[in-house]
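# Examining the three-dimensional arrangement
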Amino acid sequence: MKAAYLQFQPVLNDTEANIKQIAELTGKITENIDLLVMPELTNSGYLFTSLDEAMSASEEIPGGKFCQTLQQIASAKNMFIVSGICERAGDKLYNSAILVSPDGKIDTYRKTHLFYEEKLWFHPGDSGLNVYEITGEIGRVKIGMMICFDWVFPEAARTLALKGAQIIAHPSNLVLGYCQQAMFTRAVENRVYTITANRTGTEKNGDKELYFTGKSVIVDPKGNYLASGGVDSEEIKIVEIDPELALDKNITKLNNIFDDRRTEFYR
Ligand code: ACM
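Residues numbered from 1 in each chain as written. Predicted model: local features only at pLDDT ≥ 70, side-chain atom pairs only at ≥ 80, totals over all residues. Heavy atoms only, no water.

Here we come to helix H3 (residues 65-77). Its 13 residues place the ends of H3 18 Å apart at the C-alpha level, agreeing with the 18 Å of an ideal helix rising 1.5 Å per residue. Listing the buried residues of H3 in full gives Phe66, Cys67, Thr69, Leu70, Ile73 and Ala74. Down the axis of H3, the buried side of the element spans an arc of 160 degrees, and every buried residue falls inside it. When the buried face of H3 is taken as reference, the exposed residues oriented beyond 90 degrees from it are Gln72 and Ala76. Each element contacted by the buried residues of H3 is listed here: helix H1 (15-27), strand S3 (80-89), strand S4 (92-100) and strand S5 (106-110). (Helix = DSSP H or I, 4+ residues; strand = E, 2+ residues; numbered from the N terminus. Expected span 1.5 Å × (residues − 1). Buried < 20%, exposed > 50% of the residue type's maximum accessible area, 1.4 Å probe, protein only. Arc of directions from axis to C-beta. Contact = heavy atoms within 4.5 Å.)

See the structure below:
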């Protein structure tokens with residue numbers, strides 16, 4: 001199957017502009033893609049300075065305009081899309097990721113491990129780490145979602161892998177420079193594909209400023225880097241992957257990464 005990431009620079013607090021950018025960028029895709037992963041908080045940007053600001057940049061799932069745009073793109077291109085989204089649910093905000101199917105179905109993951117000032121705006125995710133089956137000409141493939149800073153907690157990727165994820169889709173707004181290398185380890189220790197879709201650019205808001213590190217990355221279950229992005233570039237990188245490879249958990253004939261776990265010593 002063909003999997004891809006989209007790396008770009010969202011505009012802070014301007015959903016319309018972000019919808020336009022996503023529509024234009026995906027409109028340029030000429031190949032058939034089965035799965036496209038986009039960055040964290042793609043609808044809203046990242047660097048909020050107040051809860052009100054974050055609230056007005058958010059939208060409800062599935063009724064919001066950003067969700068509807070992704071549904072249209074997923075249907076038109078017959079592909080699955082995973083994207084970060086600033087989600088409003090009643091009076092709460094979540095830093096979420098959605099899996100949008102070509103038939104319009106939307107599954108939601110709410111970020112488990114919030115980073116730094118995200119804790120001021122967002123509620124900690126309550127969805128848990130779940131695995132979804134995506135189906136079609138690709139057969140049946142299991143996909144899990146985690147968001148950015150979740151990578152620091154190996155339990156997140158491990159939980160998804162133990163639940164059968166063959167691909168971990170990882171929308172990100174990375175500010176630290178370690179993750180892109182660490183995803184090699186997340187992929188190898190779980191023998192899964194990882195697709196980290198990061199954003200680029202600098203965001204300024206009042207006296208705050210953040211630089212995002214780009215370099216989106218796709219790693220296969222054996223640790224091969226299938227794609228890695230530029231620091232500042234806007235790009236969609238498409239690679240061929242074989243999700244069957246992620247079903248083989250044997251590192252040697254005598255070592256299975258799941259069967260060899262000694263859980264009695266892990267507490
Ligand atoms: C992050 O979790 N956005 C650093």
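Additional details are given in the paragraphs that follow.
Another point: the packing of helix H5 (residues 154-162) against helix H6 (residues 179-190). When two helices pack together, their arrangement is given by the angle between the helix axes and the distance between those axes. Packing of H5 against H6 brings their axes to within 10 Å, and their N-to-C directions diverge by 35 degrees. By crossing handedness, the relation of H5 to H6 is classed as right-handed. Of the residues in H6, those touching H5 at Pro154, Ala157, Arg158 and Ala161 are Arg186, Glu189 and Asn190. When its residues are assigned to classes, the contact of H5 with H6 shows three nonpolar, one polar and three charged. (Axes fitted to C-alpha atoms, helices over the stretch in contact; angles between N-to-C directions. Left-handed = near helix turned anticlockwise from the far one by under 90°. Nonpolar A, V, L, I, M, F, W, Y, C, P; charged D, E, K, R; others polar.)

Our next topic: empty space enclosed by the protein. By the definition in use, this model includes two cavities of 30 Å³ or more. In this model, the largest cavity occupies a volume close to 80 Å³. In this structure, the largest cavity is lined by Lys111, Phe115, Glu118, Cys148, Phe149, Trp151, Val152, Asn173, Leu174, Val175 and Leu176. Residue composition of the lining of the largest cavity, by class: eight nonpolar, one polar and two charged. As a volume, the second largest cavity reaches approximately 30 Å³. Lining the second largest cavity, in full, are Thr108, Tyr109, Gly128, Leu129, Asn130, Tyr132 and Met145. Tallied by class, the residues present in the lining of the second largest cavity amount to four nonpolar, three polar and no charged. (1 Å grid on protein atoms, 1.4 Å probe; cavity = no way out; pocket = protein on both sides within 12 Å on 5 of 7 lines; lining within 4 Å. Points joined across faces, edges and corners; volume = space filled by probe spheres on them.)

To continue, consider the layout of surface pockets. Empty space within the largest pocket amounts to approximately 270 Å³. Asn32, Ile33, Asp34, Lys77, Asn78, Met79, Phe80, Pro102, Thr135, Gly136, Glu137 and Ile138 together form the lining of the largest pocket. Here the residues of the lining of the largest pocket are counted per class, giving five nonpolar, four polar and three charged.

What follows is about the pairing of strand S7 (residues 139-145). Regular strands place their side chains on alternate faces of the sheet. Pairing analysis gives six bridges linking strand S6 (residues 131-136) to S7, with the strands arranged antiparallel. Counterpart to tyrosine 132 in the pairing with S7 is isoleucine 143. Linking S6 back to S7 in an antiparallel pair, the connection comprises two residues. Since S7 and strand S8 (residues 167-171) lie parallel, the crossover through H5 that links them has a hand, and here it is right-handed. (Pairing = 2+ DSSP bridges. Right-handed = clockwise from strand over helix to strand, strands pointing away.)

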